[in-house]
Structures are given as structure tokens and as C-alpha cells.
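What follows is each chain in one-letter form.
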Amino acid sequence: MKLHTTNYINTFIEVADDSPALQGEIPPRKDGTLSIATRQFDLIRENPYQFTSDDVLFAIHAQKNDLADSEHPEARQQFFSKGQACFRSSPLTKRYGWGVHSNEAGKIALYAIDSAEYTRLANDATLKHVKAMRSKRA
């Protein structure tokens, strides 16, 4: 079975051009439920450069589907047997003003659009640069 990946190496995903965010915004928590954006934000923010994009996306899938640890290996293979949307389509990069940096090991961290580190990464010629997907058609 062919496995797909969402991982990037030495890449900076910049905030979408049509994002309304002027600064990094923490995704709101509504009615005690955690949105995908909130789950992604919490996991990456609390563990910078500890997980790949695939790790984060699968962890959230496993949480949402209440998978037991013993089910993870098979469920992960099944999950990535189909292509999954990468962080270019995440609400963090499209709506909330967060750039995603993937290091040489593919591990990711978040940087607010209004931070000096975001500016440094956005101008780093040694990195591959991609923009988050626009929310609206041009």
C-alpha cells in the first residue's frame, strides 16, 4: 500500500495572502469543544520541533476517533493510504496568522506573523517557501 505524506523538509509555510490576521491569534475555544485549529495549535505550540506534520495530523485524527494506542500503527497506515491536506490548508496558516517551519528532520514549529522570527524565516533564502492556501478565489 502506497503511503502519502504531508511532511516538508527545510520549508517555511507562510501565512495566506488573504488571511485577516495581522498577528498570531490563538484559535478560540467554543463551548468546551476543541476545533481542529485549537488541537493543532496546542500540540505544536507545546512541543515545538517534536513532531512532523504527519505526526500532528494523525494524533488529532486518533484523538477525534478515540483510537487506542494499540490501534495506532494500523490506523496510521490506513489514514495515510489516501492523500491528506497539509498545513498549507490549516486554519492556523489560512486564518489565524501562524507560519509553520519544518526543519531538516521535518519537525515543525509555529511562528506568529508579527514576530521577528517569522520575518527572519520568511527572508531565509536557504529554506523552501510556500504560501498557505487562500481562503477565497482570486
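This report concerns the structure included in the present document. (Residues numbered from 1 in each chain as written. Predicted model: local features only at pLDDT ≥ 70, side-chain atom pairs only at ≥ 80, totals over all residues. Heavy atoms only, no water.)

1. Remarks on the packing of aromatic side chains
Threshold: Pairs were defined over the aromatic rings of Phe, Tyr and Trp, the Trp ring being its six-membered one, requiring ring centres within 6.5 Å. Orientation was assigned from the angle between planes: stacked under 30 degrees, edge-to-face over 60, tilted for the rest. Think of it this way: any DSSP run of H or I at least four residues long counts as a helix, any run of E at least two long counts as a strand, and we number them from the N terminus. A simple rule labels every residue: compare its accessible area, found with a 1.4 Å probe on the protein chains alone, to the largest value its type can have, and call it buried under 20%, exposed over 50%, or partly exposed in between.
On inspection of all chains with the given rule, the structure shows four aromatic pairs. On the basis of an interplanar angle of 70° and a centroid distance of 5.0 Å, the ring pair of F12 and Y118 is categorised as edge-to-face. Here the residue F12 occupies a position in strand β1 (residues 11-14), and Y118 occupies one in helix α5 (residues 116-122), the gap between them amounting to 106 residues. For the pair shown, F12 and Y118 are each scored as buried. Taken together, a centroid distance of 5.2 Å and an interplanar angle of 55° make the contact between F41 and W98 tilted. Remark: W98 occurs in strand β2 (residues 98-102) and F41 occurs in helix α1 (residues 36-46); sequence separation between them is 57 residues. Accessibility assignment for this pair places F41 and W98 in one class, buried. Grouped by ring-pair contacts, the aromatic residues F58, F79 and F80 constitute a single cluster.

2. Considerations on the pattern of salt bridges
Put simply, the test is: Whenever Lys or Arg places a side-chain nitrogen within 4 Å of a carboxyl oxygen from Asp or Glu, that contact is recorded as a salt bridge.
Applying the stated criterion across every chain yields a total of seven salt bridges. Between D17 and K131 there is a salt bridge, with its nearest N and O atoms 2.9 Å apart. A residue pair is termed long-range when its members are at least 10 positions apart, and D17 in the loop between β1 and α1 and K131 in strand β4 (residues 128-131) qualify at 114 residues. Using a relative accessible area of 54% as the deciding quantity, one classes D17 as exposed. A cluster of three or more residues bridged by salt bridges with shared partners is formed by E14, D17 and K131.

3. With respect to the packing of α1 against helix α2 (residues 53-64)
Axes are the key here: two packed helices are described by the angle between their axes and the distance separating the axes. Defined as follows: Throughout, an axis means a line fitted to C-alpha atoms (over the contacting stretch in the case of helices), and angles, computed between N-to-C directions, take values from 0 to 180 degrees. The labels follow the angle: roughly parallel below 35 degrees, roughly antiparallel above 145, roughly perpendicular from 65 to 115, and oblique for the rest. Note on convention: the crossing is left-handed when the near helix lies turned anticlockwise from the far helix by less than a right angle, right-handed when the turn is clockwise. Here a residue-residue contact requires only that any non-hydrogen atoms of the pair lie within 4.5 Å. Three classes are used: nonpolar for Ala, Val, Leu, Ile, Met, Phe, Trp, Tyr, Cys and Pro, charged for Asp, Glu, Lys and Arg, and polar for all others, with Gly counted as polar.
The N-to-C vectors of α1 and α2 enclose an angle of 125°; their axes lie 10 Å apart at closest approach. By the angle between their axes, α1 is oblique relative to α2. Note on packing geometry: the crossing formed by α1 with α2 is right-handed. Facing I36, R39, Q40, L43 and I44 of α1, the residues of α2 in contact are V56, L57, A59, I60, Q63 and K64. Split by residue class, the contact of α1 with α2 holds seven nonpolar, two polar and two charged.

4. Things to note about the pairing of strand β3 (residues 108-112)
Condition: Strands qualify as paired when DSSP identifies two bridges or more between them.
Summarising burial for β3: five of the five residues are buried, a large majority. Of the two faces of β3, the one carrying I108, L110 and A112 and the one carrying A109 and Y111 are both buried. Pairing between β2 and β3: five bridges, direction antiparallel. Among the inter-strand pairings, W98 is bridged to a residue of β3, identified as A112.

5. A word on the nonpolar core
To keep things clear, this is the line we draw: We define the nonpolar core as a collection of buried residues of types Ala, Val, Leu, Ile, Met, Phe, Trp, Tyr and Cys that are connected through side-chain atoms lying within 4.5 Å of one another.
Judged by nonpolar contacts, the single largest core of 25 residues is most densely connected at I13, F87, L92, W98 and L110. Among the secondary structure elements, those contributing two or more residues to this core are α1, α2, α3 (72-79), β2 and β3. Top element by residues in this core is α2. It accounts for five residues. The contact partners of L92, leaving out residues within four places of it in the chain, are P27, A37, Q40, F41, F87, G97, W98 and L110. Listed in part, the seven residues of the second largest apolar core include Y111, Y118, L121 and L127.

6. Regarding the pairing of β2
Counting buried positions along β2 gives five out of five residues, so the element sits mostly inside the fold. Burial along β2 is two-sided: the residues W98, V100 and S102 and G99 and H101 are all buried. In terms of strand pairing, β1 meets β2 through three bridges, oriented antiparallel. Each residue of the ladder has a partner; that of F12, found in β2, is H101. What sits between β2 and β3 in their antiparallel hairpin is a turn of five residues, with G106 showing a positive phi close to 80°.

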